[in-house]
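Spelled out from the first residue to the last, the chains are:
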Amino acid sequence: MDLDELALSLTGPLVNWYVKRHGQGLERFLKNAKVYMSPERFMARVFFATVMTAIFSVPIGLYLTYMAIESLLNTLSPSVGPMIMLVFGVVMLILPLMVYSIMMALPRMQSSDFQFKVDSELPFFAAYLAMISQSGLSVTSAIERIAGIKLLEAIGKVAREIVVKNKAFGMDPLTALTETALSTPSHLFQSLIVGYVTNVRTGGDILHYLEIRLNEIVNDTIDRVRRGAEFLSTLMESYIGAGVILLIGLNVLYLAQAITPTGNPIGALQQAVNNNLLFGLLVVPAISVAFIYLGEVSIYRVPYTDTRPYIAFGISTTVAMVAILAGYTSMFHSDLGYVINVGPISIDFAIYMATVMVIAYTPAAIYAGKVIAERRSLERAFSDFLRDFTELRKSGFTPEKIISTLADTRDYGALSRYLKDISKQIKYGVPIRVVLSEFMSKTRSYYARVFAWLLLESIEYGGATPETLESLASFSSLMIRINDDLLARLKPLRFVPYIGAMILTLTLVIMVFTVVSLSSVLLHLSGYYVNYVTGSFALTTVVDSFIMGLVAGKLGEGELSAGFKHAVAITALVLLIYLASPFISKLFVV
């Protein structure tokens, strides 16, 4: 008995009751989300996960809630510990409802993600259909070709479904196209396929229709890019308000709480520090992650992620965490108020942590910048190569001769080393399909892969006619121009977090030294407690500033990996301002 059978046997009556009332809608919902599962099996998984979660989480939640409430009732001034315990207790109590809601929403999320992928691949798919039609082949033949490749992942999945319905179930090609398209969540894809089927059945001009639809899809992509850039600008403004301004306001509140205690001044300081650490290390990073996610789903992007920069970032994170933990326990004795005096400079844990982060993440930032620059250069160079390829083809050159000539006579930057290898292998007699397929497997650029695949298809099935190549060259140039336009529109946004981090750090310096002068007079606190408050507030500023750099990369350049260099630069900027805080304080603090 597998897990699904166990779940169905335990929750059978509940599943039957639900399916009886919502079965048709649930089945249609799962079909549109491309979840190939019966409604009974799906609901059995949902109810089984919910019940199992409730068995473990509800008792723990009741215990934590009871202990937190009892502690709060027995304490005159509420502390952070019981409040955190109460929050975790409530979360554990509602965890079964959260599990149920998430599992019910998973198909909808999967459908939305699938729609995004189909829409992202649709310009390349439409260009391929137009190119194949110029060669005299039908769209159904193109669908069979796409079903056998992995480059267009989402549309390839739809193509395989069409082929199965046609070949395995005996459905005629046009009906299979229509039925599958209507069950796909992308309205643009539905419109393209249904319009094609209508033109075939009514004897319309297929080539003209596909060219018109390609122009409409590309124009829609341009509009999506522009809307996405405008939305990211709004997101950045909202992020500065939600992250920086809110953090400054709460820092003022916590520091005021520290210097105007109602009881024990040491307890007031500790509570202010705890509140600051809770908000600065949990709430602000959570807000930043939310804005990064919104930036991820709001702009046009290709359905491929180069993982190399993130692997380097993971290695840097490991090194940084080890160094930070080792320094905190050995050098600073697990105490935020401990200070190491090196000549005239006093080094607290925040300075040490910022220095470690700058040193540890600099190699990852340099590597990520190099990878991104090389990829973008390769994409632009391949577009130029396709234009030159088309012009030489108009002169009567064979594809093999064109590649050899261009490899020897023109420098394409990042593409040149690949082009020289391709030319060398063709001279040795390796078929052009093998050579271009090997190039597609080596490069990490999605655009370069798709353009190479379209070039290969135009040579093998389109006869490398000048008309087909002209269409491909124009399309590639337009897609690169769309990407460049997006980067140009986002460029001003990447500097906003720098301003936010500078304002945050300068405000912290001025406020902290004001509090130092007041607390030394009003509360008669020792230097240790002053260093303790200063170090804790500086620690949250360093962490939040680093995350601001990641947001700058995502919202300002469209890639999270592009934010590595911004994170390092902003952290270094905050470190310099904090080191210069004694001199800055003399200018603003009386």
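What counts and how
- Residues numbered from 1 in each chain as written.
- Predicted model: local features only at pLDDT ≥ 70, side-chain atom pairs only at ≥ 80, totals over all residues.
- Heavy atoms only, no water.
- Phe/Tyr/Trp six-rings, centres within 6.5 Å; stacked < 30°, edge-to-face > 60°.
- Helix = DSSP H or I, 4+ residues; strand = E, 2+ residues; numbered from the N terminus.
- Buried < 20%, exposed > 50% of the residue type's maximum accessible area, 1.4 Å probe, protein only.
- Lys NZ or Arg CZ within 6 Å of the ring centre and 35° of its normal.
- Salt bridge = Lys/Arg side-chain N within 4 Å of Asp/Glu carboxyl O.
- Patch = residues over 30% accessible without salt bridge, like charges linked within 9 Å, V, L, I, M, F, W, Y side chains within 5 Å.
- Areas by Shrake-Rupley, 256 points an atom, 1.4 Å probe, with all protein chains shown as cover.
- Core = buried A, V, L, I, M, F, W, Y, C linked by side-chain atoms within 4.5 Å.
- Contact = heavy atoms within 4.5 Å.
- Axes fitted to C-alpha atoms, helices over the stretch in contact; angles between N-to-C directions.
- Parallel < 35°, antiparallel > 145°, perpendicular 65-115°, else oblique.
- Left-handed = near helix turned anticlockwise from the far one by under 90°.
- Nonpolar A, V, L, I, M, F, W, Y, C, P; charged D, E, K, R; others polar.
- Expected span 1.5 Å × (residues − 1).
- Polar contact = N/O pair within 3.5 Å; in protein donor to acceptor, adjacent residues only side chain to side chain.

A. Examining the packing of aromatic side chains more closely. The full count for this structure, using the stated rule, is 24 aromatic pairs. When the centroid spacing of 5.7 Å and the interplanar angle of 80° are considered together, the rings of Phe-332 and Phe-349 count as edge-to-face. With Phe-332 in the loop between helix H11 (308-331) and strand E1 (340-342) and Phe-349 in helix H12 (residues 349-394), the pair connects residues that are 17 residues apart, well separated along the chain. An identical accessibility class is assigned to Phe-332 and Phe-349; each is buried. One aromatic cluster is present, built from ring pairs that chain together Phe-124, Phe-382, Phe-385, Phe-389, Tyr-412, Tyr-418, Phe-439, Tyr-446, Tyr-447, Phe-451 and Phe-475. The residue whose ring lies beneath Arg-449 is Tyr-304, and the NZ or CZ to ring-centre distance is 4.9 Å.

B. Structural detail: the pattern of salt bridges. In the structure shown here, the tally under the stated rule is 26 salt bridges. A salt bridge links Lys-117 to Asp-113, with the nearest nitrogen and oxygen atoms 3.5 Å apart. Placement of the pair is Lys-117 and Asp-113 together in helix H4 (residues 80-134), with a separation of four residues, close to one helical turn. Here Lys-117 falls in the partly exposed class, since its relative accessible area comes to 26%.

C. Geometry of a nonpolar patch on the surface. There is a patch of nonpolar side chains on the surface, built from Leu-62, Val-87, Val-90, Val-91, Leu-93, Ile-94, Leu-97, Met-98, Ile-102, Leu-106 and Met-109 and spanning about 940 Å² of accessible area. Ranked by residue count, the leading element in the nonpolar patch is H4, at 10 residues. Mapped onto the elements of the fold, Leu-62 is located in helix H3 (residues 39-73).

D. Structural view of the nonpolar core. Ranked by size, the top nonpolar core spans 154 residues in total, and within it Phe-124, Phe-125 and Phe-385 carry the most contacts. Ranked by the residues each element gives to this core, the list is headed by H12, at 20 residues. Apart from residues lying up to four places away in sequence, Phe-385 is in contact with Ile-403, Leu-406, Tyr-412, Leu-415, Leu-419 and Leu-455. Membership of the second largest hydrophobic core comes to 15 residues, among which are Ala-7, Phe-42, Met-43 and Met-104.

E. Quick look at helix H7 (residues 173-182). The complete set of buried residues in H7 reads Leu-174, Ala-176, Leu-177, Thr-178, Thr-180 and Ala-181. The inward-facing, buried residues of H7 abut helix H5 (139-147), helix H6 (153-167) and helix H8 (187-202).

F. Structural detail: the packing of H6 against H7. Packing of H6 against H7 leaves a shortest axis separation of 9 Å and a crossing angle of 140°. It follows that H6 is oblique to H7 by the angle criterion. Note that H6 runs across H7; the crossing there is right-handed. Residues Val-158, Glu-161, Ile-162, Lys-165 and Asn-166 of H6 form the contact with H7, whose own contacting residues are Pro-173, Ala-176, Leu-177, Glu-179 and Thr-180. Each residue belonging to the contact of H6 with H7 can be placed in one class, and the counts come to five nonpolar, two polar and three charged.

G. Broad picture of H12. The first and last C-alpha atoms of H12 sit 67 Å apart over 46 residues, in line with the 68 Å expected at 1.5 Å per residue. Gly-396 lies just past H12 and shows a positive phi near 100°.

H. View of the environment of Glu-559. Its location among the elements puts Glu-559 in the loop between helix H19 (527-557) and helix H20 (563-579). Separated by 267 residues in sequence, Glu-559 and Ile-292 place their C-alpha atoms 9.7 Å apart. A distance of 2.5 Å separates a polar atom in the side chain of Glu-559 from a polar atom in the side chain of Arg-375.

I. Representation of the packing of H7 against H8 within the structure. Two elements in contact, H7 and H8, have axes whose closest approach is 9 Å; the angle formed by their N-to-C orientations is 160°. The angle between the axes of H7 and H8 places the two elements in the roughly antiparallel class. The two elements H7 and H8 cross, and the hand of that crossing is left-handed. Mapping the contact onto sequence places Leu-174, Thr-175, Leu-177, Thr-178, Ala-181 and Leu-182 in H7 and Phe-189, Gln-190, Ile-193, Val-194, Tyr-196, Val-197, Val-200 and Arg-201 in H8. Looking at side-chain class alone, the contact of H7 with H8 contains 10 nonpolar, three polar and one charged residues.

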